[in-house]
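A look at the structure
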Protein chains: 2
Amino acid sequence: MQRYYIPKDNWEKEFVVLTDEDAHHIQRVMRQQIGDTIICNHPDGQAAICIIEQFSTEDVRVRIKERLDEDSELPVHVTIAQGLPKGSKLDFIFQKGTELGAAAFQLFEADRSVVKWDTKKAEKRMKRYDKIIKEASEQCHRNVMPIVKEQQPLEEIIESNMYDHILFGYEEEARRETNHSFADVLSQIKNGQQLLMIIGPEGGFSDQEVILLKNNGAIPVRLGKRILRTETASLYALASISYHFEELKYEN
Amino acid sequence: MQRYYIPKDNWEKEFVVLTDEDAHHIQRVMRQQIGDTIICNHPDGQAAICIIEQFSTEDVRVRIKERLDEDSELPVHVTIAQGLPKGSKLDFIFQKGTELGAAAFQLFEADRSVVKWDTKKAEKRMKRYDKIIKEASEQCHRNVMPIVKEQQPLEEIIESNMYDHILFGYEEEARRETNHSFADVLSQIKNGQQLLMIIGPEGGFSDQEVILLKNNGAIPVRLGKRILRTETASLYALASISYHFEELKYEN
């Protein structure tokens, strides 16, 4: 069943109204008919099976048939802070990160980011990212869509007090014995906590950034024994977090 | 330091000879000079730091300076059997799967594969895949390059007796209570064993395939709570296997 993420204001007590691209998609792409069913997601994570009752040129009106009790969210809230990478890698990171359960994405211009954040193009870019995330959320049946936070200096991000745990993927950890096993760190995180996972751009973190991170209590972790590309690192982290909290603890 | 995977026949006692694309890359792309160092990998997984001693129009001759004692391979040998997906997804799966430690990739035409294996184009395609894997291996410093096995019927693959454990990612497992936790299965796998991880194409496995798999002792596993695209499933599996064997067991 096709899933749509519907803004809060479009929900009534017994009805939901789909507008714009969703209305177009349901009529023109999916070619659905009166009486067909879809799933509508409320921004608070609740979902409902709905029956199509009325089409108009502007919108589609559906009746709420059954509230769903489903949960496809990671037990911990993971924000991926991604140092701006080259090319279209962000598209990839947002799509795959959404599938793998990220709660939010935060961008930052790292010392070694070749690409700078173009504030003139920011609005257009953010719209594009939202679209990618919306489509990925619908496909993988997320309860809530991850949000994208615009570029902010790394210092502000880690000093924001928003996070219970701050980790960063650090290649150098792969080269020496260390006390910080990724698993050891994850084992200390409780359900419902906020985790910030910081990933460097191509070329990794600068020495200054590593000092800044460590001085602010961010913990360096190794993401396996191989050296991952920047766009693969967040996926490794998210898959491992899912494995740790959803599969490993599944039977225990 | 740039890394090259050199065929067995090009190794002498104290020297290695780089030919063809490697010779081109070292001279024209990297613009390296006599006396510069590179890393050469032998197909058996051994690597050595080598000093460039001689250029010719055909090849580059390097002297073995120091044998390296490095290991970036997963403790278990993972073969990803991938149901043929659409478009360029195989390129993506091979590149990311190499980074994440796959030992081999095996293709199969699944019941729901929209794309069929074109034997006429097979040679050209396999060359393309080898190139992607070679480049990814060099970038992430793999000891050995994963191999790609051409299309083979699923039945032959699972009846080959090559594998100690056969798993398949099965979406339906995500929808019901199950005794097969992915973590539970991984906990029974020992270092050095051969693991076959089978991933369906878009649309997943057919009922017949699921019966065939189960009848042959393949174990269905859930890959997290969300529904992953076919090209994301193998990455989730590999990242989780790396996490389980390289990070989780790191301190225990």
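Below or above, wherever it landed, is the structure these notes cover. (Residues numbered from 1 in each chain as written. Chains lettered and ligands numbered in written order. Predicted model: local features only at pLDDT ≥ 70, side-chain atom pairs only at ≥ 80, totals over all residues. Heavy atoms only, no water.)

1. Comments concerning the pairing of strand 3 (residues 37–41) of chain A
All names here are of chain A. In terms of burial, strand 3 is largely enclosed, as 4 of its 5 residues are buried. Note that strand 3 and strand 4 (residues 47–55) share 5 bridges and pair antiparallel. Its bridge partner lying in strand 4, I38 is registered against C50. Counting the residues that bridge the hairpin from strand 3 to strand 4 gives 5 residues, and of these G45 lies at a positive phi of roughly 105°. (Buried < 20%, exposed > 50% of the residue type's maximum accessible area, 1.4 Å probe, protein only. Helix = DSSP H or I, 4+ residues; strand = E, 2+ residues; numbered from the N terminus. Pairing = 2+ DSSP bridges.)

2. Remarks on the packing of helix 2 (residues 89–99) of chain B against helix 3 (residues 122–140) of chain B
Residues and elements named next belong to chain B. Two numbers describe how helix 2 lies on helix 3: the axes approach to 8 Å, and their chain directions differ by 30°. When the axes of helix 2 and helix 3 are compared, the pair comes out roughly parallel. Of the two elements, helix 2 crosses helix 3, and the hand of that crossing is right-handed. Contact residues: helix 2 offers L90, D91, F94, Q95, T98 and E99, while helix 3 offers R128, Y129, I132, I133, A136, S137 and C140. Its residues assigned to classes, the contact of helix 2 with helix 3 comprises 7 nonpolar, 3 polar and 3 charged. (Axes fitted to C-alpha atoms, helices over the stretch in contact; angles between N-to-C directions. Parallel < 35°, antiparallel > 145°, perpendicular 65-115°, else oblique. Left-handed = near helix turned anticlockwise from the far one by under 90°. Contact = heavy atoms within 4.5 Å. Nonpolar A, V, L, I, M, F, W, Y, C, P; charged D, E, K, R; others polar.)

3. Concerning the sheet that holds strand 11 (residues 219–221) of chain B
Residue and element names in this part refer to chain B. If you trace the 6 strands from one edge of the open sheet to the other, you get 8-7-6-10-9-11, paired in parallel fashion. Single-partner strands in this sheet number two, and they are strand 8 (147–149) and strand 11. On average, each strand axis in the sheet is tilted by 25° relative to the strand beside it, whichever way the strands run. As paired strands, strand 9 (residues 165–169) and strand 11 are joined by 3 bridges and run parallel to one another. For F168, the partnering residue across the bridge sits in strand 11 and is P220. Contacts from helix 3 reach strand 7 (104–108) and strand 8 within the one sheet, and its direction differs from that of strand 8 by about 155°.

4. Looking at unusual backbone geometry
Peptide bonds are trans in most cases, and residues, glycine excluded, mostly fall at negative phi. Located in the positive-phi region is A:R31, a residue other than glycine, with phi close to 50°. Tracing the backbone shows A:R31 in the loop between helix 1 (20–29) and strand 3.

5. Some thoughts on the interface of chain B and chain A
With 47 residues of chain B in contact, the opposing surface of chain A contributes 47 residues. Summing the contributions of chain B and of chain A, the shared interface buries around 4100 Å²; its carbon and sulfur component is 50%. Together, B:R226, B:R229 and B:Y243 form the three largest contributors to the area buried by chain B at its contact with chain A, with a combined 20%. Residues B:D71 and A:K225 are paired through a salt bridge, measuring 3.4 Å at the closest nitrogen-oxygen approach. One can count 38 residue pairs in polar contact (both at pLDDT 80 or more) joining chain B with chain A. When its residues are assigned to classes, the side of chain B that touches chain A shows 16 nonpolar, 14 polar and 17 charged. (Buried area = accessible area lost by both parts, 1.4 Å probe. Salt bridge = Lys/Arg side-chain N within 4 Å of Asp/Glu carboxyl O. Polar contact = N/O pair within 3.5 Å; in protein donor to acceptor, adjacent residues only side chain to side chain.)

6. What about the pattern of salt bridges?
Summed over the entire model, instances satisfying the criterion amount to 34 salt bridges over all chains. A salt bridge links A:E202 to A:K89; the nearest nitrogen and oxygen atoms lie 2.8 Å apart. Residue A:E202 is found in the loop between strand 10 (194–199) and helix 6 (207–215), and its partner A:K89 is found in helix 2 (residues 89–99); the two are separated by 113 residues along the sequence. Overall, the relative accessible area of 24% leaves A:K89 in the partly exposed class. For the salt bridge of B:K89 with B:E231, the shortest nitrogen-to-oxygen distance reads 3.8 Å. One end of the pair, B:K89, is in helix 2; the other, B:E231, is in helix 7 (residues 230–248), with 142 residues separating them in the sequence. Exposure remark for B:E231: the relative accessible area of 6% places this residue in the buried category. Each member of the salt-bridge network shares a partner with another, and the members are A:K89, A:E202, A:R229, A:E231, B:K96 and B:E99.

7. Some points on the relation of the copies chain B and chain A
Of the transformation placing chain B onto chain A, the axial shift is 0.0 Å and the rotation is 180°, giving an RMSD of 0.0 Å. Taken together, the rotation angle and the small translation identify this as a two-fold axis. Considering only C-alpha atoms, the residue of chain B closest to the rotation axis is B:S240, which sits at 2.7 Å. The overlap is high: 100% of the interface residues of chain B also sit at the interface in chain A, so the same surface is used on both sides. (Least-squares fit on C-alpha atoms with pLDDT ≥ 70 in both.)

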